[in-house]
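Okay, here's what each chain looks like letter by letter:
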Amino acid sequence: MKMTGKVLAKSSQEEENAGVVNESTRSCIRPIWQLFSLWGLDVVFAALCWSVVIAAHFKITMLTVEPLLVVCALIWFVVMYGRMSRALKSEQAYESKYYRSHLAPLVPIGLAVVLAAGWILFFHVGKYFIYFLLLPFLPIAMSTAPLLRRCSLFILLFSSMGFVFACAAPAYFYSYSYTPLSMLFSAPLWVMVGMFFLFGAERHKRGDTSMLRSVMKHVCLLSLFLVCCIKLGSSPAYIRGFYITITAALAALHVLSRLRKRLPENVWSAIGWTMMALPALLGILIFAPEEW
């Protein structure tokens, strides 16, 4: 009888342990449609679309794929490095269990992407492109500074600046009348910075539904929309299409904001960057130069 009791207890313990393992395994499995976002490919898609649309509206006709690959690779690495570092520091971070369980494949893939980007940069694009990448790199580096990490607004601002300036780097690199510092004085790019700042604030609001925040968000959206309308009447013809594209992206951002309460968190996060990329894709199809 004692042996039977021990056997039953041992069997029960093994089943309980197996249940814990199965539950842990299920918590790390995600549907296929969510993998596009979890692996940062939606951010890469958005960066590619906005890089091409900036080049299209600045009438850059000699645009090759190599600078775009370098920009997309660097943006992907920065995004995935941030997600994995936050997952390792806190269990409350975005999809922390998934990134912890996939740390082994992500690390060598990240190193391979960086090495490939460096090879393309030095042997196919040219070292001069580094000067155009320094401007987006500085805001990204500043967003990780310990003194600024306590203020989420500064982090969002510098992250938005880094993303937009990185997307603009290929177009400015192939232009003959712009320097890297010219990006700091481009009104369309700063409107884009404001738009992605609001998008970042929407992504990181984490259930904050305060009335003040909602009012400020709508005021900022309306302000950017009015700026685009004013610029449509005062800008040259080749820039107007760019502001039309940004206006469509602001409308997509408003739709995303309205869907925040109606969709689960994982679904909203999965479609966010893709929806911000679709207006840019539409802008490319409509306003791309005839030389393309």
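Residues numbered from 1 in each chain as written. Predicted model: local features only at pLDDT ≥ 70, side-chain atom pairs only at ≥ 80, totals over all residues. Heavy atoms only, no water.

### Quick word on the side chain of S175
Right, so step 1: Here S175 lies in the loop between helix 8 (152-174) and helix 9 (187-203).
Right, so step 2: A distance of 2.8 Å separates a polar atom in the side chain of S175 from the backbone oxygen of Y172. (Helix = DSSP H or I, 4+ residues; strand = E, 2+ residues; numbered from the N terminus. Polar contact = N/O pair within 3.5 Å; in protein donor to acceptor, adjacent residues only side chain to side chain.)

### Looking at helix 3 (residues 41-57)
Right, so step 1: The terminal C-alpha atoms of helix 3, which comprises 17 residues, lie 24 Å apart, in line with the 24 Å expected from a rise of 1.5 Å per residue.
Right, so step 2: Counting buried residues along helix 3, 14 of its 17 residues qualify, which places the element largely inside the surrounding structure.
Right, so step 3: At the exit of helix 3 stands K59, carrying a positive phi of roughly 60°. (Expected span 1.5 Å × (residues − 1). Buried < 20%, exposed > 50% of the residue type's maximum accessible area, 1.4 Å probe, protein only.)

### What to know about the confidence of the model for the protein chain
Right, so step 1: Per-chain confidence: the protein chain averages 82 in pLDDT, with 83% of residues scoring 70 or above.
Right, so step 2: Below a pLDDT of 50 lies the segment residues 5-11, which in the model reaches zero contacts outside its immediate sequence neighbourhood of four places, other chains included.
Right, so step 3: Every residue in residues 14-25 scores below 50 in pLDDT, and together they form zero contacts with partners more than four places removed in sequence or on other chains. (pLDDT = per-residue confidence, 0-100. Contact = heavy atoms within 4.5 Å.)

### Topic: the packing of aromatic side chains
Any aromatic ring pair is given by two values, namely how distant the centres are and how the planes are angled relative to each other.
Right, so step 1: According to the stated counting rule, one finds 19 aromatic pairs in the structure shown.
Right, so step 2: For the ring pair Y128 and Y131, a centre distance of 5.6 Å and an interplane angle of 55° mean the geometry is tilted.
Right, so step 3: Ring geometry for Y128 against F132: centres 5.4 Å apart, planes inclined by 80°, an arrangement best described as edge-to-face.
Right, so step 4: Taken together, the aromatic side chains of Y128, F129, Y131, F132, F173 and Y174 make up a single cluster linked through ring pairs.
Right, so step 5: We note R260 situated over the ring of W268; from NZ or CZ to the ring centre the distance is 4.3 Å. (Phe/Tyr/Trp six-rings, centres within 6.5 Å; stacked < 30°, edge-to-face > 60°. Lys NZ or Arg CZ within 6 Å of the ring centre and 35° of its normal.)

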